[in-house]
Amino acid sequence: MKELEYPFHAKEILKKKKLYKRQLLADKTVPFLDKKIAILGGGTTQDIRLVLEIFLLHYGIRATFYESEYNRYYEDGMFPNPQLEQFAPDLIYVCTSIRNIPVFPEMSDSRKDVEEKYTVCMDKFTGLWDHLYTTYHCPVIQNDFEYPFFRLLGNRDACDYRGHVNFVTKLNCGFYEYAQSHDSFYICDINYLCASYGLEKWSDPYYWHMYKYAMAVPAIPYLSFNVANIIKSIYGKNKKALNLDLDNTLWGGIIGEDGAENIEIGQETPLAQTYSGFQEYIRRLGQTGVLLTVNSKNDSENAYRGFERPDSILSRDDFASFKANWNPKSENLAQTARELNLLPESFVFVDDNPAEREMIRTQLNGVAVPDMDSVEHYIQIIDKSGFFEVTDLSEDDLSRNQMYQENAKRQQYKVSFGDYEDYLKSLDMKGEIQPFIPVYMSRIAQLTNKSNQFNLTTKRCGRTEIEEAANDPGKITLYGKLTDKFGDNGVVSIVIGRIGGQHSDELHMELWLMSCRVLKRQMEYAMMDELVNAAKAHNIKTIYGYYYPTAKNGMVKDFYGAQGFEKISGDEGGNTVWKFRIPAHYQKKQNVIAVNQAGESDDGNCSS
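Residues numbered from 1 in each chain as written. Predicted model: local features only at pLDDT ≥ 70, side-chain atom pairs only at ≥ 80, totals over all residues. Heavy atoms only, no water.

Asker: I tried to follow the pattern of salt bridges on my own but got confused; where do I start?
Answerer: Pairing between side chains becomes possible if they bear opposite charge and their charged atoms approach one another. Under the counting rule described, the total for this entry stands at 29 salt bridges. Linking D109 and K117 is a salt bridge whose minimum nitrogen-to-oxygen distance equals 2.8 Å. A relative accessible area of 10% places D109 in the buried class. E115 serves as the salt-bridge partner of K170, at 2.5 Å between the closest nitrogen and oxygen. Residue K170 is found in helix 6 (residues 164-181), and its partner E115 is found in helix 5 (residues 111-136); the two are separated by 55 residues along the sequence. K170 gets classed as partly exposed once you look at its relative accessible area, which sits at 32%. The class of E115 is partly exposed, set by a relative accessible area of 36%. Within the structure, one salt-bridge network assembled from shared partners comprises K2, E5, R357, E358, R361 and D371. (Salt bridge = Lys/Arg side-chain N within 4 Å of Asp/Glu carboxyl O. Buried < 20%, exposed > 50% of the residue type's maximum accessible area, 1.4 Å probe, protein only. Helix = DSSP H or I, 4+ residues; strand = E, 2+ residues; numbered from the N terminus.)

Okay, structure coming up:
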């Protein structure tokens, strides 16, 4: 819905929120992800909840809410609460503000007094967070604090140990340190939002004294949008790739007409500096794991020359895909998606030309197409849209562009082979398939929330659920890590099976997924082989597999059949159940990956 994309009109959203909700729910083509969200508020939260709901619907998340009474965030979260316990939230949002800081420094306080007040504040919040995690085992989002709207000491308020600005800064740093050391805990940075919106407008006391809103009512959509971005990132709804035009997008001018020597890039003019700044921002996005791709109407040789300039920030090697031709850009983007094993809806299309943007909007459903009005605002438009909100930054994220570039080399290398199996053997693939271990818990949880196509049950798990599965003697867990002569693909496959059912010698598959970047590499067969080995070790005789169809996972509807399972039931919705009786002499299904070779310990930890 265009009205909910940044930059949006906050007043229109507040006015039409019920209309937008009806329209979003009426779209039967959207496969909603249902989540239960508890909002524990330090002030009034009703409109925050209502606007948050429509932003989440826009992202494909249908939420039901528990909402605490006014300023009952601590009591509801810290003490026995049968209503919240029965609600069983999937996520908790603690919506507090500077109004909820219990004590502030006084001018007569000593440094020791202020330190004690800081400890009181931190203990109250960390005690709450610890209790929420222990009781509800779900992600927690916590607001940091906005700055006060007055400074008793003027500029000195920022550096004096008794200053309220200084105290708030110290508390925020305490919150950030907690977030750095606790998984599934996320900061909603209202301090930044407030600064961006304008402190005086955000903190207008009128709204607190009249309605007990800790921020101005017109600012509510910005807060709700920010929280929605965190939630959609947690549940794998982020975009994954930028599809970038070149002329007047990554540089000024038309390279085919002006020549590489005359395009605007570098430090010679203010306009050139602006394009260089945008390239630098794009380069840094690539470092966070966002895939960079080119989609330009150009001769490829001309396009390459733009990145050969010594003052170009980006180089040809920064891009996982590079399409410079005269084909329709919708065709280029669709082909890029296929080559990278992504869905078109994973992309953000960035182009200065409104006609090209409209073409993508009308022909490729789900692609994000921000309006790029002038190069001075390119960074803000992409950055504030929240396409790539980071809630977890794994080693795989940091090396994702490199992984996809290595995949491109594999594709080029494949051309030289006439026999596909010979090609796979030549890759010298090595697999590490073991029960879940702590070092990979975050990546495993991340993969469950990001994998949509090769995902048989579409079960989503937080880190807590992954840890519980790993420690449950009634479950079999396996992760699969794959390397080859071109590089490390990281953790690419996960299975979780529950032991027991009608009989104790059964295994019921709760989760089976794989990253599409290793499709057709026999990794799925390697996982099957190791699953059978693990099942035999638990005296399992029969494995039951389940497939639940979505709009995205049709590619694996016959997966179990390919593994040798027998289909035993199905319904009109396409849900199917499969059975595999483990034979006494099981034959391995793959012979191109060396799995768990010497040098790896039995518990999955690599030996030195």
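There is more to say, and it comes next.
Asker: Would you mind going over helix 6 with me for this structure?
Answerer: With 18 residues, helix 6 should cover 26 Å at 1.5 Å per step; its first-to-last C-alpha distance of 26 Å lies within 8% of that length. Here helix 6 has its buried residues at H164, V165, F167, V168, L171, N172, G174, F175 and Y178. Where the residues of helix 6 are buried, they touch helix 5, strand 4 (140-143), strand 5 (185-188) and helix 7 (190-197). (Expected span 1.5 Å × (residues − 1). Contact = heavy atoms within 4.5 Å.)

Asker: What is the right way to look at the nonpolar core in this model?
Answerer: One broad rule of soluble globular proteins: the nonpolar side chains tend to lie buried together. Of all hydrophobic cores here, the largest spans 47 residues; its most connected members are L56, Y93, I141, W202, L223 and I231. Those elements that place two or more of their residues in this core are helix 1 (10-26), strand 1 (33-41), helix 2 (46-58), strand 2 (61-67), strand 3 (91-95), strand 5, helix 7 and helix 10 (220-234). The leading source of residues in this core is helix 10, at eight residues. In contact with I231, not counting residues within four places along its chain, are I37, L52, L56, I61, L91 and I141. (Core = buried A, V, L, I, M, F, W, Y, C linked by side-chain atoms within 4.5 Å.)

Asker: Would you take a moment to explain empty space enclosed by the protein for this structure?
Answerer: A water-sized probe, rolled over the atoms, reveals where empty space remains. In this structure the tally under the stated criterion is one cavity of 30 Å³ or more. Considering only enclosed or pocket space, the largest cavity measures out at about 90 Å³ in volume. Taken together, 17 residues line the largest cavity, and the ones lying closest to its centre are C95, T96, S97, A214 and M215. Each residue belonging to the lining of the largest cavity can be placed in one class, and the counts come to seven nonpolar, eight polar and two charged. (1 Å grid on protein atoms, 1.4 Å probe; cavity = no way out; pocket = protein on both sides within 12 Å on 5 of 7 lines; lining within 4 Å. Points joined across faces, edges and corners; volume = space filled by probe spheres on them. Nonpolar A, V, L, I, M, F, W, Y, C, P; charged D, E, K, R; others polar.)

Asker: Explanation requested: the state of the cysteines in the structure shown.
Answerer: As used in these notes, a disulfide is a covalent bond between sulfur atoms, one from each of two cysteines. As enumerated under the stated definition, the model contains zero disulfides in all. Free cysteine: C138, not disulfide-bonded; nearest cysteine sulfur from C461 at 14 Å. C138 gets classed as buried once you look at its relative accessible area, which sits at 3%. (Disulfide = S-S within 2.5 Å.)

Asker: Mind showing me how you'd approach unusual backbone geometry here?
Answerer: What is expected of a backbone is that most residues other than glycine have negative phi and most peptide bonds are trans. The omega angle of the peptide bond from Y6 to P7 is 0°, so this bond is cis rather than trans. Among the structural elements, P7 can be located in the segment before helix 1. At N248, a position not held by glycine, the phi torsion is positive, near 60°. Inspection of the secondary structure puts N248 in the loop between strand 6 (241-244) and helix 11 (255-258). What makes N248 partly exposed here is its relative accessible area of 26%. Notably, N341 is not glycine yet its phi reads approximately 55°, a positive angle. Structurally, N341 can be placed in the loop between helix 14 (329-339) and strand 9 (347-350). N341 sits in the partly exposed class, given a relative accessible area of 27%.

Asker: What exactly am I supposed to notice about the sheet that holds strand 16 (residues 576-581) here?
Answerer: Two modes of strand pairing occur in sheets, parallel and antiparallel, and in both the strands are linked by backbone hydrogen bonds. Spatially, the eight strands line up as an open sheet ordered 15-16-14-13-12-11-10-17, and their pairing is mixed. The strands lining the two open edges of the sheet, one partner per strand, are strand 15 (566-570) and strand 17 (593-595). Neighbour-to-neighbour, the strand axes of the sheet open up by a mean angle of 25°, direction not taken into account. Set on the sheet, helix 20 (residues 441-450) makes contact with strand 11 (475-484), strand 12 (487-499) and strand 13 (506-514); between it and strand 12 the angle comes to about 80°. Those strands touched by helix 22 (residues 523-537) are strand 10 (429-434), strand 11, strand 12, strand 13, strand 14 (542-547), strand 16 and strand 17, and its axis lies near 145° from that of strand 11. (Pairing = 2+ DSSP bridges. Axes fitted to C-alpha atoms, helices over the stretch in contact; angles between N-to-C directions.)

Asker: Help me understand the packing of helix 7 against helix 10 in this model?
Answerer: When two helices pack together, their arrangement is given by the angle between the helix axes and the distance between those axes. The interhelical angle for the contact between helix 7 and helix 10, taken along N-to-C directions, is 140°, at an axis separation of 11 Å. Relative to helix 10, helix 7 is oriented oblique. As for the relative orientation of helix 7 and helix 10, their crossing is right-handed in sense. Only Y222, L223 and N226 of helix 10 make contact with helix 7, whose side of the interface consists of I190, L193 and Y197. Tallied by class, residues from the contact of helix 7 with helix 10 come to five nonpolar, one polar and no charged. (Parallel < 35°, antiparallel > 145°, perpendicular 65-115°, else oblique. Left-handed = near helix turned anticlockwise from the far one by under 90°.)

Asker: Would you mind going over the pairing of strand 3 with me for this structure?
Answerer: Side chains on a regular strand alternate between the two faces of the sheet. By the criterion of burial, strand 3 is predominantly enclosed, with five of the five residues buried. Residues L91, Y93 and C95 of strand 3 are buried on one face, and the alternating residues I92 and V94, pointing to the opposite face, are buried as well. The sheet contact formed by strand 1 and strand 3 spans five bridges and is parallel. For L40, the partnering residue across the bridge sits in strand 3 and is V94. Bridge count for strand 3 against strand 4 is three bridges, and the pairing is parallel. Each bridged residue has a counterpart across the sheet, and for I92 the counterpart in strand 4 is V140. Read from strand 3 through helix 5 to strand 4, the crossover connection turns out right-handed. (Right-handed = clockwise from strand over helix to strand, strands pointing away.)

Asker: Please clarify how the packing of aromatic side chains should be interpreted in this entry.
Answerer: Both the distance between ring centres and the angle between the ring planes are used here to describe each pair of aromatic rings. Considering all chains together, one arrives at 42 aromatic pairs under this definition. Every member of this aromatic cluster is reached through a ring pair, and the members are Y73, Y74, F79, F125, W129, F145, F175, Y178 and F185. When the ring centre of Y197 is taken as origin, the NZ or CZ atom of K201, which lies over that ring, is 4.9 Å away. The side chain of K232 reaches across the aromatic face of Y59, ending 5.5 Å from its centre. (Phe/Tyr/Trp six-rings, centres within 6.5 Å; stacked < 30°, edge-to-face > 60°. Lys NZ or Arg CZ within 6 Å of the ring centre and 35° of its normal.)

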